[in-house]
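# Descriptive structure summary
Here is what each chain is made of, one letter per residue.
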Amino acid sequence: MEIRALGGQGLEVGAEGLGLMGMSAHYGATDETESLATIDRALELGVTLLDTAEGYGPFLNEQLLGKALAGRRDAAVVATKTGIEFTDEGALRGHNATPEYIRRSADRSLRHLGTDHIDLYYLHRVDPDVPIEESVGAMAELVAAGKVRHIGLCEAAPATIARAHAVHPLAAVQTEYSLFERGIEYDGVLDTLRELGIGLVAYSPLGRGFLSGAITTPDDFAADDFRRTDPRFQGENFGRNLAVVGQVRRLASEKGVTPSQLALAWTLNRGAVPIPGTKRRRYLEENIAATAVTITDADLAAIDAVAPHGVVCGERYAPELMKNLNG
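Bear in mind that the values here come from a model prediction, so they are computed numbers and not experimental data. Each chain carries its own residue numbering, running from 1 in the written order of its sequence. Local features in this predicted model are restricted to residues whose pLDDT is 70 or higher, and side-chain atom pairs enter the listing and the counts only when it is 80 or higher, whereas totals over whole chains, interfaces and linings include all residues. Excluded from the side-chain calculation are hydrogens and water; included are all heavy atoms of the structure.

### Description of helix α3 (residues 99-113)
A turn of α-helix holds 3.6 residues, and therefore any two residues three or four places apart point the same way. When the terminal C-alpha atoms of α3 are compared, their 21 Å separation across 15 residues agrees well with the 21 Å that a helix rising 1.5 Å per residue should span. Within the sequence span of α3, burial applies to Tyr101, Ile102, Ser105, Ala106, Arg108, Ser109, Leu110, His112 and Leu113. Between two residues, a contact is recorded if the distance between any of their heavy atoms is within 4.5 Å. The way it works is that DSSP assigns letters per residue, a run of H or I at least four long becomes a helix, a run of E at least two long becomes a strand, and they are numbered from the N terminus. Of the surrounding elements, those touching the buried residues of α3 are α2 (60-68), β5 (77-82), β6 (84-86), β8 (118-123) and α4 (132-144). Count one or two residues on from α3 and you reach glycine 114, which has phi positive near 65°. Expected helix span is given by 1.5 Å per residue-to-residue step, counting one fewer step than there are residues. Note on exposure labels: buried denotes an accessible area under 20% of the residue type's maximum, exposed denotes more than 50%, and partly exposed covers the range between, all computed with a 1.4 Å probe on protein chains only.

This is the structure in structure tokens:
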């Protein structure tokens with residue numbers, strides 16, 4: 001797999017990463033044995049960027065990754081996140097991007113990951129009650145202490161990104177980006193990243209699984225799958241969005257690839273490092289094959305025709321979570 005520079009701060013990663021959240025939380029039943037085997041296979045295939053967060057579980061996902069990397073820590077670029085407070089017992093307390101909490105949660109993440117450094121440390125969400133300069137200042141202190149090598153933000157507005165970058169250079173910003181979610185092309189985020197030389201990490205590049213083509217009814221979700229609360233998978237939105245997926249499936253079939261591979265190849269073509277989440281080796285291998293798919297100008301035009309900005313029905317999250325975006 002091609003190795004890419006992620007931003008302008010010297011961080012290099014495989015062209016496609018792996019999102020680990022579903023191995024521990026939010027997407028139905030989990031299987032540690034298969035999850036560990038999937039991480040093993042990812043490393044074998046050249047994936048280096050492994051994405052987790054203290055909130056996934058909470059803590060379970062970081063602990064899983066620590067177990068997977070025992071004895072081979074240098075094989076991976078470990079990314080984790082802070083800024084959403086949990087007690088040591090795992091109780092959620094809400095936003096907390098104060099310097100004190102960032103320092104405390106970093107030490108806890110290091111313990112759970114079984115490592116002495118985090119390669120890429122994100123602020124998971126911008127705390128509306130803490131100036132971004134204070135939060136990033138604390139993250140910069142962690143870099144100076146050798147506990148963190150690079151820092152980034154998740155789901156931040158252009159002005160916030162610029163203010164943060166002025167305190168300490170950001171290696172990456174992580175945000176939702178896919179054929180289903182192209183907002184950053186229009187709200188100034190993508191332009192800001194390009195102007196400042198900050199890398200783009202695209203989470204949910206398969207539209208939370210919708211673009212895989214495997215989801216045909218809301219009944220495909222387990223009872224505890226959070227997508228049951230996602231507006232894009234509810235009511236009339238589901239049928240309308242499924243029709244868009246049908247058009248993507250048609251284009252993929254004409255190109256001789258799967259819908260997932262077409263969607264991921266498009267994201268790669270746009271200069272992002274996608275981190276599709278999966279907990280099974282067979283889907284991992286399908287996703288990684290997208291790195292060998294070439295997207296032509298004709299492909300881009302055909303995709304734009306069936307999946308332009310705004311084509312998808314429904315907000316990205318339930319209302320109580322939408323207010324946490326673009327801080």
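### Notes on the sheet that holds strand β10 (residues 172-176)
The pairing criterion for strands is at least two bridges between them, as found by DSSP. Strand order in the open sheet made by the 8 strands is β3-β4-β5-β8-β9-β10-β11-β12, with parallel pairing throughout. The open sheet is flanked by β3 (18-19) and β12 (273-274), the only strands paired with a single partner. Of the strand pairs in this sheet, β8 and strand β9 (residues 148-154) are connected by 5 bridges, and their pairing is parallel. Bridged to leucine 123 within β9 is leucine 153.

### Thoughts on the packing of aromatic side chains
In summary, the pairing rule links any two rings of Phe, Tyr or Trp, Trp by its six-membered ring, whose centres are within 6.5 Å, and it sorts them by plane angle into stacked for under 30 degrees, edge-to-face for over 60 and tilted for everything else. This structure, assessed with the given rule, holds 8 aromatic pairs. Between phenylalanine 210 and phenylalanine 233 the ring centres are 4.6 Å apart and the planes differ by 15°, which places this aromatic pair in the stacked class. Of this pair, phenylalanine 210 sits in the loop between β11 (199-203) and α7 (235-255) while phenylalanine 233 sits in the loop between β11 and α7, placing them 23 residues apart in sequence. An identical accessibility class is assigned to phenylalanine 210 and phenylalanine 233; each is buried. Ring geometry for phenylalanine 233 and phenylalanine 238: centres 6.5 Å apart, planes at 50°, overall tilted. As far as the burial class goes, phenylalanine 233 and phenylalanine 238 line up, both buried. Taken together, the ring pairs connect Phe180, Phe210, Phe221, Phe233 and Phe238 into an aromatic cluster.

### Some thoughts on the pairing of β9
Counting buried residues along β9, 6 of its 7 residues qualify, which places the element largely inside the surrounding structure. If you view a crossover with the strands going away from you and the path from the first strand over the helix to the second runs clockwise, you call it right-handed. Taken together, β8, α4 and β9 constitute a β-α-β crossover, and its handedness is right-handed. Looking at chain direction, β9 and β10 are connected through 3 bridges and run parallel. Each bridged residue has a counterpart across the sheet, and for glycine 152 the counterpart in β10 is alanine 172.

### Considering the nonpolar core
Membership of the largest hydrophobic core comes to 76 residues, with the highest contact counts inside it found for Leu50, Leu153 and Ile161. At 6 residues, α7 tops the list of elements feeding residues into this core. As used here, the term nonpolar core means buried Ala, Val, Leu, Ile, Met, Phe, Trp, Tyr and Cys residues forming a set that is joined through side-chain atoms within 4.5 Å. With 17 residues, the next largest nonpolar core counts Leu49, Tyr122, Cys154 and Ile275 among its residues.

### Regarding helix α10 (residues 297-306)
All of the buried residues in α10 are Asp299, Leu300, Ile303 and Val306. Taken end-on, α10 shows its buried residues confined to a sector of 135°, consistent with a single buried face. Exposed side of α10, more than 90 degrees from the buried face: Asp297, Ala298 and Ala305 are the residues found there. Tucked into the core, α10 has its buried residues touching α7 and α8 (259-269). This arc corresponds to the set of directions leading from the helix axis out to the C-beta atoms.

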